[in-house]
Amino acid sequence: MTKQATGRVESTGDGRDLILERYFDAGVDDVWASITEPERTARWFGGWAGEPGVGSVVQVTMGFEEGSPVMPMTITACEPPRRLGVHAKDEYGEWNLEALVERDGDRTRLTFVHHLDAAANAAEVGPGWEYYLDALVAAENGREAPDFADYFPAMSTHYGGR
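Here the structure is a predicted model, which is why all the values come from computation and not from measurement.

A.B. asks: Hey, could you go over the side chain of Arg40 for me, with residue numbers and the actual values?
C.D. replies: Locating Arg40 in the fold gives a position in helix 2 (residues 38-41). A polar side-chain atom of Arg40 sits 3.0 Å from a polar atom in the side chain of Asp30. Leave out the neighbours within four places in its chain, and Arg40 touches Asp30, Ala33, Ser34 and Glu140.

A.B. asks: I'd like to hear about unusual backbone geometry, residue by residue, with values.
C.D. replies: Cis geometry marks the peptide bond from Pro80 to Pro81; its omega dihedral reads -10 degrees. Following Phe152, the chain continues to Pro153 via a peptide bond in cis, the omega torsion being 10 degrees. Here Pro153 is to be found in the loop between helix 3 (122-140) and helix 4 (156-159).

A.B. asks: I'd like a description of the sheet that holds strand 7 (residues 93-104), backed by residues and values.
C.D. replies: Sheets are built from strands that pair by backbone hydrogen bonding, the pairs being arranged parallel or antiparallel. Taken in spatial order, the eight strands of this open sheet run 1-2-8-7-6-5-4-3, and their pairing is antiparallel. Single-partner strands in this sheet number two, and they are strand 1 (8-12) and strand 3 (48-49). Strand direction decides the pairing type here: strand 6 (residues 83-90) and strand 7, joined by eight bridges, are antiparallel. The residue bridging Leu84 from the neighbouring strand is Ala99, located in strand 7. The strands touched by helix 1 (residues 28-36) within the sheet are strand 2 (15-24), strand 3, strand 5 (70-79), strand 6, strand 7 and strand 8 (107-116), with strand 7 carrying the most contacts at an inclination of about 165 degrees. Where helix 3 meets the sheet, it contacts strand 1, strand 2, strand 7 and strand 8, and its direction lies at approximately 20 degrees from that of strand 2.

A.B. asks: Could you give me a rundown of the packing of aromatic side chains, with the residues and numbers involved?
C.D. replies: Using the criterion set out here, one finds 10 aromatic pairs in the structure. Aromatic pair Tyr131 and Tyr151: ring centres 5.7 Å apart, planes at 80 degrees, arrangement edge-to-face. With Tyr131 in helix 3 and Tyr151 in the loop between helix 3 and helix 4, the pair connects residues that are 20 residues apart, well separated along the chain. A single burial state applies to Tyr131 and to Tyr151, both of which are buried. A centroid spacing of 6.1 Å and a plane angle of 15 degrees characterise the contact between Phe148 and Phe152, whose relative ring orientation is stacked. Since its relative accessible area comes to 37%, Phe148 is described here as partly exposed. Here the aromatic residues Trp44, Phe45, Trp95, Phe112, Trp129, Tyr131, Tyr132, Phe148, Tyr151 and Phe152 are joined through ring pairs into a cluster of three or more. Positioned above the aromatic ring of Tyr23 is the side chain of Arg107, whose terminal nitrogen or guanidinium carbon lies 4.0 Å from the ring centre.

Analysis parameters
Residues numbered from 1 in each chain as written. Predicted model: local features only at pLDDT ≥ 70, side-chain atom pairs only at ≥ 80, totals over all residues. Heavy atoms only, no water. Helix = DSSP H or I, 4+ residues; strand = E, 2+ residues; numbered from the N terminus. Polar contact = N/O pair within 3.5 Å; in protein donor to acceptor, adjacent residues only side chain to side chain. Contact = heavy atoms within 4.5 Å. Pairing = 2+ DSSP bridges. Axes fitted to C-alpha atoms, helices over the stretch in contact; angles between N-to-C directions. Phe/Tyr/Trp six-rings, centres within 6.5 Å; stacked < 30°, edge-to-face > 60°. Buried < 20%, exposed > 50% of the residue type's maximum accessible area, 1.4 Å probe, protein only. Lys NZ or Arg CZ within 6 Å of the ring centre and 35° of its normal.

Below is the structure:
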């Protein structure tokens, strides 16, 4: 079942941001835990090991990627339970990521921002983050993870050329 893309790409003063939002019927602290506690991140993205804190490098095991590669990520911002920033670099480019957690009425909103570098192809990156964030929602609701084939390449057109 092909999913509908929900994110957007916005121009910024120094590039582009890929922005996606997800909503939860949980409190801010619970959503924060789902993006920061290794046993919970393992359910939708990958577990991690290391000492948390700004400037620290944690080793993230990409649990849903072929071969479960380990990616070092530097924590660039940590303001519990509201803002987390991480930076990583691999053969596909640089990953400057930010997660913002806040109450929105009777729900909690997670705003995910990928600050795209010049080489980043939003048509490839966007569907991947849609998949991971839907996997987070599924994990938090006790549902089965989505199928990546429902996201890529179907969503590429939505993000293409941006």
